[in-house]
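Each chain, written out:
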Amino acid sequence: MKVQKQRLAIITVTICILAGLLAPSLSNIAFALSQNSVTASVVVPTNCITQLSNTLINFGVINPLGNAPTANAVLDTNEGNVAAFILLDGTNWVSGGNSFPVTNTIWDFSTHAGGVSGNALQLLGAVTNTANIIGSGVNNILYFGALVNNGITQPAGTYTQTITIENEC
Amino acid sequence: MAMTNIKQCIALLALSITIAAALIVPELGGIAFANYSNTVTATLNVPAICTVALSTTLVNFGSVPITGNAPTANAVGDTNDGNIASNILLDGTNWISGGSNFFVSNTIWDFTTHAGGVKGNTLGLATGNLVDTQNVIGIGQLVNLFFGTQVPSQQAAGTYTQTITIENLC
């Protein structure tokens, strides 16, 4: 026990002496500031991102030869940094083995609550340029309606169609 | 010695960042950001239904003297534009002209024309129970109904009207 206390005392003294020597030495060191610069760069590309208010339209029940007025809105917002043209196309309406043409979907930039006025949607691959320019941060509303053929070509069923809305810039 | 190492490390780091930036910039510049598209899924439900589309909603029998008739030859085309077949049902109202009238049953109908007279079936009174003609009209099919009428004796002069109801039931 006595030996351990003596060793501890020696270690303590040694540390104190080293600290006393080191402290003045560090204070004499001249820390020169060394600077360099980094040039960072980033390219923000032009884009015209399409943001849609909704990705589902339910036209409800439409009898043969009936229609859903051109009044179902989809808001297209250009979240990008440049203006763009709005392009449209779609697929044929399909229900199992039954179908009817994409052109039975009618669209316009204004609503027609009374009926299906406007432009016929074109088949996928035949994209239609609406010639409507949507500015950066601006939104445009597209209204969709649909026509159902007579019963000869239009058996009962739940039909679906995919409409593609594209901002081109 | 330690300070020298730190300086070398900083210099090396700066060089690395510069090289990385030099590589990234042309890479981004080469990307073509052009078209952005999104899709909307549209749905609609076409119900099983039979419809009635009539070729005309007016039949003018012209001037018919008392005890005379208009032959069963005035056509009304009934088209079922629905997607299932149906039966054709019929009824009508009595003929009325002001306070005068005569019976609905004076109207005669058939699925074939009878230019020579009033042959066929008598129209039943509209009571909410239309008469089933037992004639099936298919999907997209056109069926012609021919109407005629006969005027009773001692019928007061006047312009009489009647409403005929044609229903496709499915």
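Nothing here was measured: the structure is a model prediction, and the numbers come from that model. (Residues numbered from 1 in each chain as written. Chains lettered and ligands numbered in written order. Predicted model: local features only at pLDDT ≥ 70, side-chain atom pairs only at ≥ 80, totals over all residues.)

Section: the overall build of chain B
When helices and strands are tallied, chain B shows one helix and 11 strands. Tracing chain B from N to C terminus, the helices and strands come up as α-β-β-β-β-β-β-β-β-β-β-β. Here chain B, with 170 residues, has 22% of them falling under the buried criterion. (Helix = DSSP H or I, 4+ residues; strand = E, 2+ residues; numbered from the N terminus. Buried ≥ 20, exposed ≤ 12 C-beta atoms within 10 Å, placed from the backbone.)

Some details on the environment of asparagine 144 of chain B
All names here are of chain B. With respect to the helices, strands and loops of the structure, asparagine 144 is situated in strand β10 (residues 142-150). For asparagine 144, a count of 13 C-beta atoms within 10 Å translates into the label partly exposed. Along the sequence, asparagine 144 and glycine 77 sit 67 residues apart, while their C-alpha atoms lie 4.3 Å from each other. The residues touching asparagine 144, leaving out its near neighbours within four places in the chain, are Ala75 and Gly77. (Contact = placed C-beta atoms within 7 Å.)

Description of the nonpolar core
One finds Phe59, Ile62, Trp107, Phe144 and Ile165 of chain A together with Ala42 and Leu44 of chain B to be the most contacted residues of the largest nonpolar core, which totals 31 residues. Secondary-structure elements contributing two or more residues to this core are β2 (56-61), β3 (67-78), β4 (84-90), β7 (105-108), β10 (139-147) and β11 (157-168) of chain A together with β1 (35-46) of chain B. (Core = buried A, V, L, I, M, F, W, Y, C linked by C-beta atoms within 7 Å.)

Quick notes on the interface of chain B and chain A
On the side of chain A, 51 residues touch chain B, which itself brings 35 residues to the contact. Sort the elements by how many residues they give to the side of chain B that touches chain A and β1 of chain B lands first, with 12 residues. Among the residues making up the side of chain B that touches chain A, the classes are represented as 19 nonpolar, 14 polar and two charged. When β2 of chain A meets β1 of chain B, the two strands line up parallel, connected through four bridges. Each residue of the ladder has a partner; that of isoleucine 57 of chain A, found in β1 of chain B, is alanine 42 of chain B. (Nonpolar A, V, L, I, M, F, W, Y, C, P; charged D, E, K, R; others polar. Pairing = 2+ DSSP bridges.)

Looking at the pairing of β10 of chain B
Residues and elements named next belong to chain B. Pairing between strand β3 (residues 69-79) and β10: eight bridges, direction antiparallel. Along β10, the bridge assignment pairs valine 76 with leucine 145. Sheet topology places strand β7 (residues 107-110) next to β10; four bridges connect them, and they run antiparallel. Its bridge partner being in β10, tryptophan 109 is matched across the sheet by phenylalanine 147.

So, the confidence of the model for chain B
Residues and elements named next belong to chain B. Summing up the model confidence of chain B, the mean pLDDT is 86 and the portion of residues at 70 or higher is 80%. The element-level mean pLDDT for chain B is lowest in helix α1 (residues 2-29), coming to 49, with β10 highest at 97. In this model, residues 17-33 is a region of pLDDT below 50 whose contacts with residues beyond four sequence positions or in other chains number 15 contacts. Note on the complex model: pTM 0.69, ipTM 0.75. (pLDDT = per-residue confidence, 0-100.)

A look at the sheet that holds strand β8 (residues 121-122) of chain B
Strands in a sheet are paired, the pairing made by backbone hydrogen bonds, and the direction either parallel or antiparallel. All names here are of chain B. Across the sheet, five strands lie side by side as β2-β3-β10-β7-β8; this open sheet has antiparallel pairing. Lying at the two open borders of the sheet, with one neighbouring strand each, are β2 (53-54) and β8. The pairing of β2 with β3 spans two bridges and is antiparallel. When the bridges of β3 are listed, leucine 54 appears paired with aspartate 78.

So, the sheet that holds strand β11 (residues 164-169) of chain B
Residue and element names in this part refer to chain B. A sheet is described by the order of its strands in space; here three strands give the open sequence β9-β4-β11, paired in antiparallel fashion. In this open sheet, the two edge strands, each paired with only one partner strand, are β9 (131-137) and β11. Across the sheet, the mean angle from the axis of one strand to that of its neighbour is 25°, orientation sign disregarded. With four bridges joining them, strand β4 (residues 86-92) and β9 adopt antiparallel strand pairing. Bridge assignment links asparagine 87 to a residue of β9, and that residue is valine 136. (Axes fitted to C-alpha atoms, helices over the stretch in contact; angles between N-to-C directions.)

As for the confidence of the model for chain A
On average, residues of chain A score 87 in pLDDT, and 82% of them reach the 70 mark or higher. By mean pLDDT, helix α1 (residues 2-27) of chain A is the weakest element of chain A at 54, and β7 of chain A is the strongest at 98.

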